[in-house]
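Descriptive structure summary
Next come the chains, spelled out residue by residue.
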Amino acid sequence: MEPPCFAAVLGSLLEVFGNTHLGRPRVIITIDGPAGTGKSTVAFMLAQRLDLEFLDTGAMYRALTLLVIERGVAPTDATAVSAIAEETDLRFDFGISPPPILVDGRDVGDRIRLDDVTACVSLVAAHPAVREAMVRAQQEIGRAHPRLVTEGRDQGTVVFPDAELKVYLDARPEIRARRRALQLRSKRMPSDEASILRAIIERDRLDSTRATGRMARASDAVLVDTSDLDTDAVVERLVGIARDRLESVLGVASGDGD
Ligand code: DC
């Protein structure tokens with residue numbers, strides 16, 4: 001009997017483990033920047049175009065904040081908030097696209113996008129022990145899902161400093177407030193643009209001045225100002241950059257026409 005060829009053995013191993021990235025090179029693309037730059041939508045669409053997985057790290061901080069609220073803990077209470085971060089099992093269901101976050105197995109859906117969570121998430125995210133736990137969890141996800149577009153505030157600077165491609169999206173605050181209001185309206189959620197703008201400016205201030213993992217552009221990140229670009233145009237630009245720089249590791253799925 002002929003010995004099974006290497007490709008066939010590898011193919012069946014891949015089937016057994018259901019692990020489509022095995023044997024393919026790592027591609028981590030980080031997308032950082034403030035709220036309302038279109039980051040989440042752009043990151044998800046880019047992941048789809050390049051056949052990569054998608055990680056929304058803001059959802060992790062939001063999920064923790066939801067628990068803090070539900071348990072009646074003050075978001076400024078570093079000890080109590082850090083304890084919740086350490087003991088909570090946060091994971092994503094990567095079988096669904098985009099992957100929903102599960103908090104101790106519970107799918108919290110869009111509950112984490114409501115105003116009460118948005119209002120104190122920056123306070124929760126500022127605690128160094130919280131950030132340490134989240135960074136660790138995100139790096140683990142990166143090891144298990146090494147073909148990934150990940151978006152947040154510190155992905156290119158702290159979590160994946162050796163990412164294959166780093167992007168920083170920015171936009172004028174007024175534009176970001178309008179986009180956020182439209183996004184909330186489309187989900188039939190409360191959306192007063194003036195108060196969203198005030199909240200965005202305050203959240204930027206907190207996110208970019210905290211002691212650890214502050215929102216910042218990595219020195220080697222590509223900067224894209226999305227103020228005058230629609231989502232499709234931003235995605236096209238990033239697909240172009242990724243294909244130019246990562247041609248050898250992206251594989252066939254990144255070719256034209258997908
Ligand atoms: O992107 P978003 O609005 O869902 O993020 C929610 C908050 O979480 C934001 O105020 C900053 C924080 N965050 C963070 O500190 N680090 C990340 N990697 C992602 C989000």
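Everything below is about the structure printed above this text.
Presented here is a report on the structure given in the accompanying data block. Owing to the predicted nature of the structure, the values given are computational and were not obtained by experimental measurement. (Residues numbered from 1 in each chain as written. Predicted model: local features only at pLDDT ≥ 70, side-chain atom pairs only at ≥ 80, totals over all residues. Heavy atoms only, no water.)

The space that makes up the second largest pocket amounts to roughly 350 Å³. In this structure, the second largest pocket is lined by 16 residues; those nearest its centre are Thr88, Asp89, Leu90, Ala137 and Glu140. Every element with two or more residues in the lining of the second largest pocket is listed here: helix H4 (78–87), strand E3 (90–92) and helix H6 (128–144). By residue number, the principal contributor to the lining of the second largest pocket is H6, which donates seven residues. Partitioning the lining of the second largest pocket into residue classes produces nine nonpolar, two polar and five charged. (1 Å grid on protein atoms, 1.4 Å probe; cavity = no way out; pocket = protein on both sides within 12 Å on 5 of 7 lines; lining within 4 Å. Points joined across faces, edges and corners; volume = space filled by probe spheres on them. Helix = DSSP H or I, 4+ residues; strand = E, 2+ residues; numbered from the N terminus. Nonpolar A, V, L, I, M, F, W, Y, C, P; charged D, E, K, R; others polar.)

So, on to the packing of H4 against H6. Relative orientation of the contacting elements H4 and H6 amounts to 15 degrees, with a least axis distance of 8 Å. If you check the angle between H4 and H6, you find them roughly parallel. Crossing of H4 over H6 shows left-handed handedness. On H6, the residues that touch Val81, Ser82, Ala85 and Glu86 of H4 are Ala129, Val130, Ala133 and Arg136. Split into classes, the residues belonging to the contact of H4 with H6 amount to five nonpolar, one polar and two charged. (Axes fitted to C-alpha atoms, helices over the stretch in contact; angles between N-to-C directions. Parallel < 35°, antiparallel > 145°, perpendicular 65-115°, else oblique. Left-handed = near helix turned anticlockwise from the far one by under 90°. Contact = heavy atoms within 4.5 Å.)

So, about the packing of aromatic side chains. Under the defined criterion, the tally for this structure stands at two aromatic pairs. Residues Phe44 and Phe54 carry aromatic rings whose centres are separated by 5.4 Å and whose planes lie at 65 degrees to one another, so their mutual orientation is edge-to-face. One end of the pair, Phe44, is in helix H2 (residues 39–50); the other, Phe54, is in strand E2 (residues 53–56), and ten residues separate them in sequence. Each member of the pair Phe44 and Phe54 is classed as buried. (Phe/Tyr/Trp six-rings, centres within 6.5 Å; stacked < 30°, edge-to-face > 60°. Buried < 20%, exposed > 50% of the residue type's maximum accessible area, 1.4 Å probe, protein only.)

Attention shifts here to empty space enclosed by the protein. One pass over the structure, following the stated rule, counts one cavity of 30 Å³ or more. If you go around the largest cavity, the residues you meet are Thr30, Asp32, Gly156, Lys166, Val167, Tyr168, Ala216, Ala218 and Ala221. Residue assignment for the lining of the largest cavity shows that the elements contributing at least two residues are strand E1 (27–32) and strand E7 (165–170). If one sorts the elements of the lining of the largest cavity by residue count, E7 sits on top with three residues.

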